[in-house]
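Letter by letter, the chains look like this.
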Amino acid sequence: MGEHMSGEDTLLELEIGAVHDRRWRADVDVALPGYAALRRSIDELGLIRPLLVRPRPEGGYELVRGARRLRALRDLGATRVTAVVRELGDREALVGGAWPALLRTGCSEAEAAQLRAELVGTGCSASEAAALTAVLVPEPAPAPPPAPAPPSAQLPGRPAWAWTPAAT
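Every chain is numbered independently, its residues counted from 1 as its sequence is written. Where totals are concerned, whole chains, interfaces and linings use all residues; where local detail is concerned, this predicted model gives features only for residues with pLDDT of at least 70, and gives and counts side-chain atom pairs only at 80 or more. Calculated side-chain values reflect all of the structure's heavy atoms, with hydrogen atoms and water omitted.

A. Structural detail: helix H3 (residues 90–105). By the criteria applied, helices consist of DSSP H or I runs no shorter than four residues and strands consist of E runs no shorter than two, each listed in order from the N terminus. Working rule for helices: expected span equals 1.5 Å times residues minus one. The end-to-end C-alpha distance of H3 is 22 Å, a good match for the 22 Å that 16 residues give at a rise of 1.5 Å each. The largest bend along H3 reaches roughly 35° and is located at Trp-99, with the proline Pro-100 sitting one to four residues downstream. Residues of H3 that are buried: Ala-93, Leu-94, Gly-96, Gly-97, Ala-98, Trp-99, Ala-101 and Leu-102. A contact between two residues is defined here by any heavy atoms of the two lying within 4.5 Å. Residues of H3 that are buried sit in contact with strand E3 (51–55), strand E4 (61–65), helix H4 (109–121) and helix H5 (126–134). Gly-106 sits one or two residues past H3 and shows a positive phi near 75°. For a residue, the bend is simply the angle between two axes, fitted respectively to the seven-residue segment ending there and the seven-residue segment starting there. Exposure categories follow from relative accessible area, calculated using a 1.4 Å probe and restricted to protein chains: below 20% of the type maximum is buried, above 50% is exposed, and the middle band is partly exposed.

Structure, rendered in structure tokens:
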């Protein structure tokens, strides 16, 4: 295993235990059909796309992107993983790791508020953090259209107004 050189991306094969979950939404919903398909693909073909990690000051690596792939590898009993190691600050790691997944799945307003607070903690302005997270919370689903009125009992060939009682 080689050493990471600052300012460069390095492709390494890492011990899977050296890769620590990201701070932001580390859990993976394994009940989703997409996860089962990903796990099956990795089991049959191996890991096609490496993880993105960053070195941790205390040692090891923090996952930036690839939480579902890492979870699938762990579930399959893998001991090593291919990863791109990149020096990233906290803001870059948050944006680079959270956005692809959250744009795909959306997030709750509470999660968006937590992410805004973390972005502000990295030096991002409150307005910039609000703009960045605004796209992550899905719009409420529109109300379903009203159910059509039941058809009135009509004889074929007669217009509906012919069967409507006259106003008195």
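Having put the structure on the table, let's press on.
B. Fine view of the side chain of Arg-54. Take Arg-54: it is sitting in strand E3. Looking at Arg-54, its side chain comes within polar contact range of the main-chain oxygen of Gly-89, at 3.3 Å. Those residues in contact with Arg-54 that lie beyond four places of it in its chain are Arg-23, Gly-60, Tyr-61, Glu-62, Val-64, Arg-86, Leu-88, Gly-89, Asp-90 and Ala-93. For the purposes of these results, a polar contact is taken to be a pair of N or O atoms within 3.5 Å, where, inside protein, one atom must be able to donate a hydrogen and its partner to accept one; residues adjacent in sequence count only when each atom of the pair is a side-chain atom.

C. Looking closely at the confidence of the model for the chain. pLDDT: the predictor's confidence for each residue, scored from 0 to 100. Overall, the predicted model of the chain reaches an average pLDDT of 82, with 79% of residues at or above 70. Within the chain, H3 has the poorest average pLDDT of any element, 79, and strand E5 (residues 80–85) the best, 96. A low-confidence stretch, residues 1–6 stays under pLDDT 50, and its non-local contacts, those more than four residues away or across chains, total 10 contacts.

D. Summary view of the nonpolar core. Formed by 19 residues in total, the largest nonpolar core has its most connected members in Leu-14, Val-19, Leu-51, Val-53, Leu-63 and Val-81. Among the secondary structure elements, those contributing two or more residues to this core are strand E1 (10–15), helix H1 (33–45), E3, E4, helix H2 (67–75) and E5. The element best represented in this core is H2, accounting for 4 residues. In contact with Val-53, not counting residues within four places along its chain, are Leu-14, Val-19, Tyr-61, Glu-62, Leu-63, Val-64, Ala-83, Val-84, Val-85 and Arg-86. Remark: nonpolar core denotes a set of buried residues (Ala, Val, Leu, Ile, Met, Phe, Trp, Tyr, Cys) joined through side-chain atoms within 4.5 Å. Listed in part, the 12 residues of the second largest apolar core include Trp-24, Leu-94, Leu-102 and Cys-124.

E. Just the pairing of E3, in detail. The buried fraction of E3 amounts to 4 of the 5 residues, a majority that puts the element mostly inside the structure. Strands qualify as paired when DSSP identifies two bridges or more between them. In this sheet, E4 lies alongside E3 in antiparallel orientation, the contact comprising 4 bridges. By the bridge assignment for E4, Leu-52 is matched with Arg-65. Remark: 5 residues form the turn of the hairpin made by E3 and E4, two consecutive strands paired antiparallel; Gly-59 in that turn has positive phi of roughly 110°.

F. Geometry of the packing of H1 against H2. Taken N-terminus to C-terminus, the directions of H1 and H2 make an angle of 60°; their axes are 9 Å apart at the nearest point. Looking at the two axes, H1 sits oblique to H2. You can see that H1 and H2 cross each other, and the crossing is right-handed. For the pair formed by H1 and H2, the contact residues are Gly-34, Tyr-35, Leu-38, Arg-39 and Ile-42 on the first element and Arg-68, Arg-69, Arg-71, Ala-72, Leu-73 and Asp-75 on the second. Grouping the amino acids of the contact of H1 with H2 by side-chain chemistry returns 5 nonpolar, 1 polar and 5 charged. Axis angles are defined between N-to-C directions and span 0 to 180 degrees, where every axis is a line fitted to C-alpha atoms and, for a helix, only to the segment in contact. Angle categories are assigned with fixed cut-offs, so that under 35 degrees is roughly parallel, over 145 is roughly antiparallel, 65 to 115 is roughly perpendicular, and the rest are oblique. Left-handed describes a crossing whose near helix is turned anticlockwise from the far helix through less than a right angle; right-handed describes the clockwise counterpart. For this classification, Asp, Glu, Lys and Arg are treated as charged, while Ala, Val, Leu, Ile, Met, Phe, Trp, Tyr, Cys and Pro are nonpolar and the rest, including Gly, are polar.

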